[in-house]
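The primary structure of each chain is shown beneath.
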Amino acid sequence: MVKKTSEGVEAQDFTQPDVDGKPVKLSDYRGKYVLIDFWASWCAPCRRENPNLVRSYAKYQKKGFEILGVSMDKAADKSKWLKAIQDDGLTWRQVGDLKGWENEAGAMYDVKAIPMNFLVDPNGKIIAKYLRGEELDKKLAEIFDK
């Protein structure tokens, strides 16, 4: 059976509020490569990964690469989440329903551990997942540096 998060499968659309409460849909990113990045302010491995994401975003954003950060923080930790975004220099859109591990997008994507990410192509298909550090750079170079 093909899992709903397998490579080649259409990414499930979801809508979550951004840091200002405005709804953001995954489908808003159609036509671009988008990395759906599940993370949390309290997650040390996530925070260690953020500088890699910042570098990749700076390098490929003008070529059509986007990141959509999805927070696995709880409502009680909203201020910590906002501070982490600021401290880590995350300039891309951040969303979260602030339900912690009950995050609806996290449940749709079967996220059981973080950091976790899915790379979605311009047609909305998952083309890779769990790309960290050099792996993400390699994949983006394959796509954009032809």
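As annotated in an unreviewed UniProt entry, the protein chain is TlpA disulfide reductase family protein from Sphingobacterium thalpophilum.

Peer 1: I'd like a rundown of the nonpolar core, residues and numbers included.
Peer 2: Soluble, globular proteins show a tendency: their nonpolar side chains are buried together. Ranked by size, the top nonpolar core spans 44 residues in total, and within it I36, F38, F65 and Y109 carry the most contacts. For this core, the secondary-structure elements that each account for two or more residues are β3 (33-39), α1 (44-60), β4 (65-71), α2 (78-88), β6 (116-120), β7 (126-129) and α4 (134-144). Among the elements that line this core, the one with the most residues is β3, at six residues. Every residue in contact with F38, bar those within four places of it in the chain, is listed here: V70, M72, A105, G106, Y109, V111, I114, P115, M116 and F118.

Peer 1: Describe the state of the cysteines, and please don't skip the residues or the numbers.
Peer 2: Across all of its chains, the model carries one disulfide by this definition. Across the disulfide, C43 is cross-linked to C46 (sulfur-sulfur distance 2.2 Å). Looking along the S-S bond of the C43-C46 disulfide, the torsion reads about 80 degrees, which is the right-handed sense. C46 matches C43 in its accessibility class, with the two residues each being buried.

Peer 1: Could you give me a rundown of the packing of α1 against α2, with the residues and numbers involved?
Peer 2: In contact at an axis separation of 10 Å, α1 and α2 are set at 45 degrees when each is read in the N-to-C sense. Taken together, α1 and α2 sit at an angle that is classed as oblique. For α1 against α2, the interelement crossing comes out right-handed. Contact residues: α1 offers R47, N50 and V54, while α2 offers A84, D87 and D88. Of the residues belonging to the contact of α1 with α2, the class tally is two nonpolar, one polar and three charged.

Peer 1: Can you explain the packing of aromatic side chains? Please cite residues and give values.
Peer 2: Both the distance between ring centres and the angle between the ring planes are used here to describe each pair of aromatic rings. One pass over the structure, following the stated rule, counts eight aromatic pairs. Measuring from centroid to centroid gives 5.1 Å for Y57 and W92, while their planes differ by 65 degrees, and the two rings are edge-to-face. In this pair, Y57 sits in helix α1 while W92 sits in the loop between α2 and β5 (94-95), placing the two residues 35 residues apart along the sequence. A single burial state applies to Y57 and to W92, both of which are buried. An aromatic cluster is built from F14, F38, Y109 and F118, whose rings are joined through pairwise contacts.

What counts and what doesn't
- Residues numbered from 1 in each chain as written.
- Predicted model: local features only at pLDDT ≥ 70, side-chain atom pairs only at ≥ 80, totals over all residues.
- Heavy atoms only, no water.
- Core = buried A, V, L, I, M, F, W, Y, C linked by side-chain atoms within 4.5 Å.
- Buried < 20%, exposed > 50% of the residue type's maximum accessible area, 1.4 Å probe, protein only.
- Helix = DSSP H or I, 4+ residues; strand = E, 2+ residues; numbered from the N terminus.
- Contact = heavy atoms within 4.5 Å.
- Disulfide = S-S within 2.5 Å.
- Axes fitted to C-alpha atoms, helices over the stretch in contact; angles between N-to-C directions.
- Parallel < 35°, antiparallel > 145°, perpendicular 65-115°, else oblique.
- Left-handed = near helix turned anticlockwise from the far one by under 90°.
- Nonpolar A, V, L, I, M, F, W, Y, C, P; charged D, E, K, R; others polar.
- Phe/Tyr/Trp six-rings, centres within 6.5 Å; stacked < 30°, edge-to-face > 60°.

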